[in-house]
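Chain and residue survey
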Amino acid sequence: MWRPSPLPSAGEVFLDARGDGRGLRVSWHPDADIVVLSLWRGGTCAGTFRLPVGEVPELVRVLREGLQSTYDTHRGLLESVFTDDPELDRDGTLTG
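In this report, we go over the structure that sits alongside the text. Keep in mind that this is a model prediction, so the values were computed, not measured. (Residues numbered from 1 in each chain as written. Predicted model: local features only at pLDDT ≥ 70, side-chain atom pairs only at ≥ 80, totals over all residues. Heavy atoms only, no water.)

1. Looking at the overall build of the chain
A tally of helices and strands in the chain yields 1 helix and 4 strands. Each helix (α) and strand (β) of the chain, taken in turn from the N terminus, gives the series β-β-β-β-α. Residues counted as buried form 16% of the 96 residues belonging to the chain. Of the contacts made within the chain by residues no fewer than 6 positions apart, 7% connect residues no fewer than 24 positions apart. (Helix = DSSP H or I, 4+ residues; strand = E, 2+ residues; numbered from the N terminus. Buried < 20%, exposed > 50% of the residue type's maximum accessible area, 1.4 Å probe, protein only. Contact = heavy atoms within 4.5 Å.)

2. Quick notes on the pairing of strand β1 (residues 11-15)
With 5 bridges connecting them, β1 and strand β2 (residues 22-29) associate as antiparallel partners. Opposite Val-13, over in β2, you have Arg-25 as the bridge partner. In textbook terms, the turn of a hairpin is the stretch between consecutive antiparallel strands, and for β1 and β2 this stretch comprises 6 residues, one of which, Gly-19, has a positive phi near 75 degrees. (Pairing = 2+ DSSP bridges.)

It is worth stressing that arrangement in space is one thing and function is another; only the former is reported here.
Now the structure itself:
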């Protein structure tokens, strides 16, 4: 599987669910007080966004709240499916 070029000492790569060599690279640059978010396709950087370190907590808050609300929404949907139809197992298959 393809991976983007090496990161600075602090960072991570997230592969896009669509595949095709797409990825998001997050790299910290403490000397410049920024975090760089870069979009990759294959071995080519398609774009970058420089986020000041002071704005990182707000980005993390938005991501956390989105994850929490999405989890709560999906958990509620799953619970309603299983409580509305006692003949369904947790994996969605019929029980009898």
